[in-house]
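Observations on chain architecture
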Protein chains: 2
Amino acid sequence: MNMQHEATALKESRELFVKMVVSNWELQNQRLNGWLSKISDQRLSQPVAEGKNRAVYLLGHLIAVNDGMISLLGLGERLYPELDELFVKNPDHTFDQIPPVSELRAQWANLNQVLSGYFAELGAEEWFKKHNAISDEDFAREPHRNKLNILINRTNHEAYHLGQLIFLKA
Amino acid sequence: MNMQHEATALKESRELFVKMVVSNWELQNQRLNGWLSKISDQRLSQPVAEGKNRAVYLLGHLIAVNDGMISLLGLGERLYPELDELFVKNPDHTFDQIPPVSELRAQWANLNQVLSGYFAELGAEEWFKKHNAISDEDFAREPHRNKLNILINRTNHEAYHLGQLIFLKA
């Protein structure tokens with residue numbers, strides 16, 4: 001194998017990893033969207049099980065956490081940083097008023113589109129660089145804590161809450 | 001960069017990616033084990049929410065599905081194939097008798113140990129080969145459907161059910 005061949009193999013290999021992670025991320029989104037499309041706004045305002053979070057809170061939580069990837073991965077400016085206060089820093093029922101379900105639905109759809117656009121543009125090599133919440137020193141020691149690892153982690157996070165959301169039937 | 005350097009970069013890159021996926025898998029197991037260690041056998045026999053699966057059913061389901069990776073990834077003989085009938089092919093409450101909770105706990109712990117051993121021994125290159133549920137033709141077209149992709153998928157699957165299990169408090 002010559003040098004160019006090896007360099008190509010490395011590039012293709014990285015592109016394959018990225019595709020595996022991004023496609024698993026998209027699979028979770030597809031499942032969540034399938035569920036969401038069948039649920040009325042009124043149902044979304046109910047807890048997913050007795051005494052548990054309301055579905056609308058979990059939806060807001062997923063928007064806020066996933067939106068956080070935009071800054072964490074250095075992709076650009078976050079779309080909805082104001083949602084952290086309502087859906088990340090505080091538990092459900094802390095505030096009397098949260099955004100209407102219709103607004104959250106639109107934000108969720110828009111965020112997924114924006115993230116997909118960013119992910120499609122990010123070069124495979126870039127995914128293996130450090131994200132913005134780890135120091136240079138830590139990253140030198142633990143190079144697996146890269147941008148792609150954040151997406152793996154956020155995909156698991158979405159799957160975790162999807163398992164709860166689907167308790168609410170249409 | 002010389003040829004040997006490139007070959008090393010490819011190998012290191014693959015090893016890094018395997019480490020990312022396996023460590024995210026282990027993280028889900030740690031979380032599940034943390035929850036499991038605090039839950040009594042009696043609590044495990046209860047549904048995670050009204051009208052939903054019993055926690056013990058979900059535990060059996062996770063054992064069966066994760067055990068299935070042993071054959072799917074060509075690692076060896078499955079440990080508990082008999083659990084498929086009870087926990088994969090049929091919904092909860094199909095059978096009057098399921099194995100005692102203590103037995104499932106022991107199987108879960110043993111399976112995780114066995115899988116960790118297999119994963120530690122499997123070479124990075126091997127992870128990028130096809131698994132046993134995809135044809136040569138399909139794999140040639142879709143090389144991202146490799147062994148490692150199965151582990152990414154099963155990690156999301158475990159996260160999904162973990163989100164449900166933790167509804168049951170100690």
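Anyway, here's the lowdown on the structure attached to this text.

To continue, consider the overall build of chain A. Helix and strand counts for chain A stand at 8 helices and 0 strands. Considered along the principal axes of its C-alpha atoms, chain A spans approximately 60 × 30 × 25 Å. Within chain A, the fraction of its 170 residues that count as buried is 52%. Of the charged side chains in chain A, 18 are positive and 22 negative, and the gap between their average positions amounts to 6 Å.

Another point: the relation of the copies chain B and chain A. One copy of the chain maps onto the second through a rotation about an axis and a displacement along it. After a rotation of 180 degrees and a shift along the axis of 0.0 Å, chain B superposes on chain A with an RMSD of 0.0 Å. What the superposition gives is, in effect, a two-fold axis relating one chain to the other. When each C-alpha of chain B is compared by its distance to the rotation axis, Tyr 160 of chain B comes out closest, at 2.1 Å. Of the interface residues in chain B, 100% have counterparts in chain A that sit at the interface too, so the contact is made through matching surfaces.

Residues and elements named next belong to chain A. With 21 residues, helix α5 (residues 101–121) extends 30 Å from end C-alpha to end C-alpha; this agrees with the ideal 30 Å at 1.5 Å per step. Of the residues making up α5, those classed as buried are Val 101, Leu 104, Gln 107, Trp 108, Leu 111, Asn 112, Leu 115 and Phe 119. End-on, the buried residues of α5 take up no more than an arc of 135 degrees, which puts them together on one face. Facing away from the buried surface of α5 by more than 90 degrees, the exposed residues are Gln 113, Ala 120 and Glu 121.

What counts and what doesn't
Every chain's residues receive numbers from 1 upward, in the order its sequence appears when written. To label them, take the chains in the order written and letter them from A, then take the ligands in the order written and number them from 1. In view of the model being predicted, local features appear only for residues whose pLDDT reaches at least 70, and side-chain atom pairs are presented and counted only at 80 or more, with totals across whole chains, interfaces and linings using the full set of residues. With hydrogens and water set aside, each side-chain value is computed from the structure's full complement of heavy atoms. By definition, any uninterrupted DSSP run of H or I lasting at least four residues is a helix, any uninterrupted run of E lasting at least two residues is a strand, and each is numbered from the N terminus. For every residue, the accessible area (1.4 Å probe, protein chains only) is compared with the maximum for its type, and the residue is labelled buried under 20%, exposed over 50%, or partly exposed between those bounds. In this tally, Lys and Arg are treated as positive and Asp and Glu as negative; His is ignored, and so are the chain termini. Lysine's charge is taken at NZ, arginine's at CZ, aspartate's at CG and glutamate's at CD. Copies overlap after least-squares fitting; the atoms used are the C-alpha atoms of residues with pLDDT of at least 70 in both. Residue contacts follow a heavy-atom distance rule, with two residues in contact if any of their heavy atoms lie within 4.5 Å. To estimate how far a helix should reach, multiply one less than its number of residues by 1.5 Å. As used here, the arc is the angular range of directions from the helix axis to the C-beta atoms.

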